[in-house]
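# Structural overview
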There are 2 protein chains.
Amino acid sequence: MSESLALSASLEDYLEAIFHIAADKKVARSKDISNRLGVNNSSVTGALRALAERGLVNYAPYDLITLTDEGKAVAEDVIRRHEALRDFFVRVLSIDAQTAEEGACKMEHVIPQSILERFIEFVDFVELCPRAGTDWIQKFESFCKGVPDRQLCSECITLVEGKPESKPDEGRERQAGTITLGDLKIGQRARLVKVRGQGEVHKRLIDMGMVPGVVIAVERIAPLGDPIDFKLRGYHLSLRKEEAKLVTVAVLEEGRV
Amino acid sequence: MSESLALSASLEDYLEAIFHIAADKKVARSKDISNRLGVNNSSVTGALRALAERGLVNYAPYDLITLTDEGKAVAEDVIRRHEALRDFFVRVLSIDAQTAEEGACKMEHVIPQSILERFIEFVDFVELCPRAGTDWIQKFESFCKGVPDRQLCSECITLVEGKPESKPDEGRERQAGTITLGDLKIGQRARLVKVRGQGEVHKRLIDMGMVPGVVIAVERIAPLGDPIDFKLRGYHLSLRKEEAKLVTVAVLEEGRV
DNA sequence: GTACTATCTTCGTCACGCCTAACATTGTTG
DNA sequence: CAACAATGTTAGGCGTGACGAAGATAGTAC
Ligand SMILES: [Mn+2]
Ligand SMILES: [Mn+2]
Ligand SMILES: [Mn+2]
Ligand SMILES: [Mn+2]
């Protein structure tokens, strides 16, 4: 009747499984659980003993298996985490149902509480904010599909191509025109406008993911200003200053984002 | 010289640690690693042997520790996952640095490849799309802080309060006015407009998280139409039909989002 | 060179979580 | 009510990952 230490990922999955099976068939049998989790029957016995010791399931050998009230509460919490992650993956990131399900069921065991709450808020928010919403997610989808020939909204295209803004939004652009990757300081972030040069060098840069619209951050600059360590699309990338100068960019605002 | 099976979460963390230590001090010593990971010195020896067996570290007893080329590549991949998650948490979800760091370092070991890529795309996208961007994230932040007195942009407020739209956007609202939670069908989603009633019942609904602007989905309806299972803010919630009728809502579009 | 200290390894132990094989129970069915 | 198949349990083993205690090594101090 006390949870003592936190449950292992494995035991959380057992609880989750029992809850779902019981929701269908009222009680769970060992076989149902082993089928659902794809483990050997004897593993289930072991898990049930561990869960019974913690007062989370009612279990006696050869008897039917049910969750205690406390077990039910814990199972519901696991399921909440599972569904929150899955919903975010499907609704916001447009991940396919199966991957979302599998990924959620792994991550649910390790995600910190405060991050989980934010995921949930985020899904709500995206559905509420009129600047976001359906439209916005569809744009995100086509944005993903468009790599490396990335499609942006017309407004973005304008921005990326460095034409002066007509909308009095904010000073999103510092100075359009001739800024290159070689001009950036550590910590600055920029959108790629164009890769100059030709032949081998040009091709090599493109192959590295240097396509218009991509966001690039300067991570580090070596003592003598060469080479420079960039990050784009999650990858680190080291360029000679000569190469960096071939890449025209539009600097993004400092600070967050 | 062969990775054979996938590395365990623990071994990935060792690689990550060695990489970072080596980045600072050129070589790693056992002590550095045990300090960084908060683990006993003897555990490090064990891990190093396992990593050496897989050809990921150069290791001989009492000798200096370095990563092999393959080990370096694997470490870089782990770090990519770590940073992608962390950046998403910090830049998009506005999670504090430490929680983001810790959460990322747990989740990095279980996140499916395709979901990771989407996270990375997402951060890029948010920074690129003019309908999103800094503004949008700031709104998300105040949205989070505002629970339960949620602040929306003026446009959203209008929508939530059910006034007919003036902008010819889309038919986002089905029929404003008198739709309640009791009128929804399974799978439908709605924004909460107002909780009617008074006294105990009213208070109880508010306590359950029924505040204006929240998104509610109908998960299940019992055989005789009572009770109804809802989901809001990641929680499941079961209401009597009587109670559900007290909650005025605005239906969201069918399908995705 | 010996002594001392910081560092590292070895060894024995434990807790998980899964497996297989052998054994036990249950409930059906002729 | 046997005989049987289905289901569940036990025992024994393997791999991982951590720990502490005790012994080994390397580098510095005298
Ligand atoms: Mn799971
Ligand atoms: Mn799950
Ligand atoms: Mn980690
Ligand atoms: Mn990490």
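Here the structure is a predicted model, which is why all the values come from computation and not from measurement.

Our next topic: the coordination of the manganese ion (ligand 4). Residues and elements named next belong to chain B. In this structure, E16 (OE), E16 (OE), H82 (ND1), C105 (SG), E108 (OE) and E108 (OE) serve as the protein donors to the manganese ion (ligand 4), at separations of 2.0 to 2.5 Å. Each of the 6 donor atoms bound to the manganese ion (ligand 4) contributes to angles spanning 56 to 143 degrees, and the resulting shape is irregular. The metal-metal distance between the manganese ion (ligand 4) and the manganese ion (ligand 3) comes to 3.5 Å, with C105 coordinating both. Judged by relative accessible area, C105 falls into the partly exposed class, the value being 24%.

Turning our attention to the nonpolar core. Of all hydrophobic cores here, the largest spans 36 residues; its most connected members are F88(A), F89(A), F119(A), F88(B), F89(B) and F119(B). Going through the elements one at a time, α4 (69–92), α5 (97–107) and α6 (113–128) of chain A together with α4 (69–92), α5 (97–107) and α6 (113–128) of chain B are the ones with two or more residues in this core. If near-sequence neighbours (up to four positions away) are discounted, F89(B) is found in contact with I115(A), F119(A), S94(B), I95(B), A100(B), G103(B), A104(B) and M107(B). Among the nonpolar cores identified, the runner-up in size contains 21 residues, and I179(B), V214(B), L232(B) and L237(B) belong to it.

Here we come to the protein's contact with DNA strand C. What surrounds DNA strand C is a group of 18 residues, the closest being S8(A), N40(A), K31(B), R49(B) and Y59(B). Atoms of DNA strand C within 4 Å of the protein: sugar and phosphate make up 75%, bases the balance. N40(A) is positioned such that a nitrogen or oxygen atom in its backbone is 2.6 Å from a phosphate oxygen of DNA strand C. Sort the elements by how many residues they give to the surface near DNA strand C and helix α3 (residues 41–53) of chain B lands first, with 4 residues. Of the residues in the surface near DNA strand C, the class split is 6 nonpolar, 9 polar and 3 charged.

The next thing to look at is the confidence of the model for chain A. Per-residue confidence for chain A gives a mean pLDDT of 83; residues scoring 70 or more make up 77%. Between residues 162–176 of chain A, whose pLDDT stays under 50, and residues either more than four places distant or in other chains, the model counts 26 contacts.

Taken domain by domain, chain A holds domain 1 (1–119) and domain 2 (173–252). Put simply, the middle of domain 1 of chain A and the middle of domain 2 of chain A, counted by C-alpha atoms, are 46 Å apart.

Right, let's get into the sheet that holds strand β3 (residues 189–195) of chain B. The strand order across the open sheet formed by 5 strands is β6-β5-β4-β3-β7 (chain B), and the pairing between neighbours is antiparallel. Single-partner strands in this sheet number two, and they are β6 (235–239) and β7 (247–251) of chain B. Across this sheet, the average inter-strand angle for adjacent strands is 40 degrees, counted without regard to direction. Note that strand β5 (residues 228–232) of chain B and β6(B) share 5 bridges and pair antiparallel. Residue pairing across strands places I228(B) opposite L239(B), the latter belonging to β6(B). Across the sheet, α4(A) is in contact with β3, β5 and β6 of chain B; its angle to β5(B) comes to roughly 65 degrees.

The strand order across the open sheet formed by 5 strands is β6-β5-β4-β3-β7 (chain A), and the pairing between neighbours is antiparallel. Looking at which strands have only one partner, the edges of the open sheet turn out to be β6 (235–239) and β7 (247–251) of chain A. Recorded for the sheet is a direction-independent mean angle of 40 degrees between the axes of neighbouring strands. Bridge count between strand β3 (residues 189–195) of chain A and β7(A): 5 bridges; the pairing is antiparallel. The residue bridging K194(A) from the neighbouring strand is T248(A), located in β7(A). Running at roughly 65 degrees to strand β5 (residues 228–232) of chain A, α4(B) makes contact with β3, β5 and β6 of chain A of the sheet.

Let's shift gears to the side chain of D13(A). Residues and elements named next belong to chain A. Along the chain, D13 falls in helix α1 (residues 9–25). No salt bridge is formed by the buried D13; the nearest opposite charge belongs to R81, separated by 8.3 Å. Excluding anything up to four places from it in sequence, D13 contacts L37, C105, E108 and H109.

Here the largest pocket defines a volume of roughly 860 Å³. Contributing elements (two or more residues each) for the lining of the largest pocket: β4 (215–221), β5 and β6 of chain A together with α1 (9–25), β2 (66–67) and α4 of chain B. Here the residues of the lining of the largest pocket are counted per class, giving 13 nonpolar, 4 polar and 11 charged. In this structure, the second largest pocket spans a volume of roughly 740 Å³. In terms of lining, the second largest pocket is formed by 26 residues, of which the most central are F19(A), A23(A), E76(A), I79(A) and R220(B). Those elements that place two or more of their residues in the lining of the second largest pocket are α1, β2 (66–67) and α4 of chain A together with β4 (215–221) and β6 of chain B.

Definitions and cut-offs
Residues numbered from 1 in each chain as written. Chains lettered and ligands numbered in written order. Predicted model: local features only at pLDDT ≥ 70, side-chain atom pairs only at ≥ 80, totals over all residues. Heavy atoms only, no water. Donors = N, O, S within 2.8 Å, 3.2 Å for Na, K, Ca; no water. Tetrahedral: all angles 85-135°; square planar, octahedral: opposite > 155°, others 65-115°. Buried < 20%, exposed > 50% of the residue type's maximum accessible area, 1.4 Å probe, protein only. Core = buried A, V, L, I, M, F, W, Y, C linked by side-chain atoms within 4.5 Å. Helix = DSSP H or I, 4+ residues; strand = E, 2+ residues; numbered from the N terminus. Contact = heavy atoms within 4.5 Å. Near = heavy atom within 4 Å. Polar contact = N/O pair within 3.5 Å; in protein donor to acceptor, adjacent residues only side chain to side chain. Nonpolar A, V, L, I, M, F, W, Y, C, P; charged D, E, K, R; others polar. pLDDT = per-residue confidence, 0-100. Domains from an automatic or database assignment. Pairing = 2+ DSSP bridges. Axes fitted to C-alpha atoms, helices over the stretch in contact; angles between N-to-C directions. Lys, Arg positive; Asp, Glu negative; His and termini not counted. Salt bridge = Lys/Arg side-chain N within 4 Å of Asp/Glu carboxyl O. 1 Å grid on protein atoms, 1.4 Å probe; cavity = no way out; pocket = protein on both sides within 12 Å on 5 of 7 lines; lining within 4 Å. Points joined across faces, edges and corners; volume = space filled by probe spheres on them.

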